[in-house]
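Given next are the chains, with one letter for each unit.
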Amino acid sequence: MIPVNEPLLDGNEKKYLVECIETGWISSEGSFVKKFEEQFASSVDRQYGISVCNGTAALDIAVAALDIGPGDEVILPSFTIISCASAIVRTGAMPVVVDSDPYTWNMNVTQIEEKITKRTKAIMAVHIFGLPVDMDPILKLADRYGLKIIEDAAEMIGQTYKGRACGSFGDISTFSFYANKHITTGEGGMIVTDDKELAEKCRSLRNLCFGKGKKRFVHEQLGWNFRMTNLQAAVGLAQLEKLEEHVARKRQMGKLYTELLKDVPGLQLPLAATDYAENIYWVYGLVLKDEVNFDAFEAMKMLSEYNIGTRPFFWPMHEQPVFKNMGLFENEKLPVAEKLARRGFYLPGGLALTEEQIKKVAKAVQEVMSRG
Ligand SMILES: *Cc1c(COP(=O)(O)O)cnc(C)c1O
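Computed from a predicted structure; not experimentally measured.

Novice: Outline the site of the ligand, listing residues and values.
Specialist: The local shell around the ligand consists of N54, G55, T56, I81, S83, V126, D152, A154, E155, S176, K181 and G188. Separating an oxygen atom of the ligand from a backbone N or O atom of G55 is a distance of 2.7 Å. In the environment of the ligand, an oxygen atom lies 2.5 Å from a nitrogen or oxygen atom belonging to the side chain of E155. Among the cavities detected, the one that contains the ligand is the largest pocket. Class assignment of the residues belonging to the shell around the ligand gives a composition of 3 nonpolar, 6 polar and 3 charged.

Quick look at the structure:
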């Protein structure tokens, strides 16, 4: 079986973990946490880094820290992970979705302005799969309409947009270190910002909004326990040391897949680059062209017969039963996102994947496609 993801842990992970265990510092109080926060924030040119237990928690905190709530609207892509929309919905605010670009799979930035109302408070820009969102138009809109930007850079660790680090664009930006991201802590996440007050707020929200000094157990606000442990931060620090190598490796893997699949009929492959970035292939996605007479789910089933692990693309937010049942997104039609969800899936792409495995996967894809 070739799994859809297997992480690479071949640096100082073990050494740093042993240090945690031998010193007894395993909770969030250990020194790796601060080190990881500082080094990660500086790697994306940010003043402040606030580590959390996962990328979903990072989004929950980011939205809450901007005081988004009932009566507010936040514009985001429909084609994304549920964590983005749930962070908005849980505050009582309204998620407003836009469709995707058919080639980069990122939010279609030309559709944002028409969705802006008096209630719009923020734009959530989510970088999808390996190419960043075209940020310049979003920055302009945010400036013109006085909107905040929340940037979800979970899939874009080590990526740049026009030479500037992804994760440096939002008023607040978030990352995930889940096992399939460019660097991992198993589970983990980070919020970054240059705003001191916002950083303080995030720290407080992450840590139950404890009071200060004598008033430690007196709470002015409700927070969460979303702290990262020293064990996770130890792994994160070791991974961060390898980031450049990881990104280079992912790019190599993506290029090899493209080389092997470019002449297979019926497949839309990821773009190698746009005007503003080179793909870092968080995942290597395929979209079945209209002429193919099976869908993504049938293709994935056929590939599983070759013992190849795959995952479908995101299911769009406006088609989620949980949101439909709340009365959200009534009559919303976003044809590109709907098509990506039905025709798109991704291949094994973890950092531990070998060239030999990639060749095996590509050969199986070729055979499957010859049936369509
Ligand atoms: C992975 C991911 C998340 C969620 O991160 P978790 O750590 O799994 O909670 C959020 N947003 C995007 C775009 C992601 O890819």
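Novice: Tell me what's going on with a nonpolar patch on the surface, and back it up with residues and numbers.
Specialist: On the surface, a cluster of nonpolar side chains totalling about 320 Å² of accessible area is made up of I81, I82, V322 and M326. On the secondary structure map, V322 appears in helix α10 (residues 321-324). What makes V322 partly exposed here is its relative accessible area of 40%.

Novice: I'd like a rundown of the state of the cysteines, residues and numbers included.
Specialist: Enumeration according to the criterion identifies 0 disulfides in this entry. C20 takes part in no disulfide bond, and the closest cysteine sulfur to it belongs to C53, at a distance of 17 Å. This cysteine, C166, is not joined by any disulfide, and C84 carries the nearest cysteine sulfur, 15 Å off. C166 gets classed as buried once you look at its relative accessible area, which sits at 1%.

Novice: So what's going on with the sheet that holds strand β11 (residues 284-288)? Residues and values would help.
Specialist: Ordered by their spatial adjacency, 4 strands build an open sheet running β10-β11-β13-β12, and the pairing between neighbours is antiparallel. Of all strands in the sheet, those bounded by a partner on one side alone are β10 (267-268) and β12 (311-312). Note: β11 against strand β13 (residues 344-347), 4 bridges, orientation antiparallel. Within β13, the residue paired with V287 across the bridge is G344.

Novice: I'd like a description of the packing of helix α3 (residues 55-65) against helix α6 (residues 196-206), backed by residues and values.
Specialist: The contact between α3 and α6 brings their axes to 9 Å, and the two run at 125°. In terms of orientation, α3 lies oblique with respect to α6. Seen from above, α3 lies across α6 with right-handed handedness. Contacts between α3 and α6 involve I61, A64 and A65 from the first element and L198, K201, C202, L205 and R206 from the second. Per-class residue counts for the contact of α3 with α6 are 6 nonpolar, no polar and 2 charged.

About the criteria used
Residues numbered from 1 in each chain as written. Predicted model: local features only at pLDDT ≥ 70, side-chain atom pairs only at ≥ 80, totals over all residues. Heavy atoms only, no water. Near = heavy atom within 4 Å. Polar contact = N/O pair within 3.5 Å; in protein donor to acceptor, adjacent residues only side chain to side chain. 1 Å grid on protein atoms, 1.4 Å probe; cavity = no way out; pocket = protein on both sides within 12 Å on 5 of 7 lines; lining within 4 Å. Sits in = over half its atoms within 2 Å of the grid points. Nonpolar A, V, L, I, M, F, W, Y, C, P; charged D, E, K, R; others polar. Patch = residues over 30% accessible without salt bridge, like charges linked within 9 Å, V, L, I, M, F, W, Y side chains within 5 Å. Areas by Shrake-Rupley, 256 points an atom, 1.4 Å probe, with all protein chains shown as cover. Salt bridge = Lys/Arg side-chain N within 4 Å of Asp/Glu carboxyl O. Helix = DSSP H or I, 4+ residues; strand = E, 2+ residues; numbered from the N terminus. Buried < 20%, exposed > 50% of the residue type's maximum accessible area, 1.4 Å probe, protein only. Disulfide = S-S within 2.5 Å. Pairing = 2+ DSSP bridges. Axes fitted to C-alpha atoms, helices over the stretch in contact; angles between N-to-C directions. Parallel < 35°, antiparallel > 145°, perpendicular 65-115°, else oblique. Left-handed = near helix turned anticlockwise from the far one by under 90°. Contact = heavy atoms within 4.5 Å.

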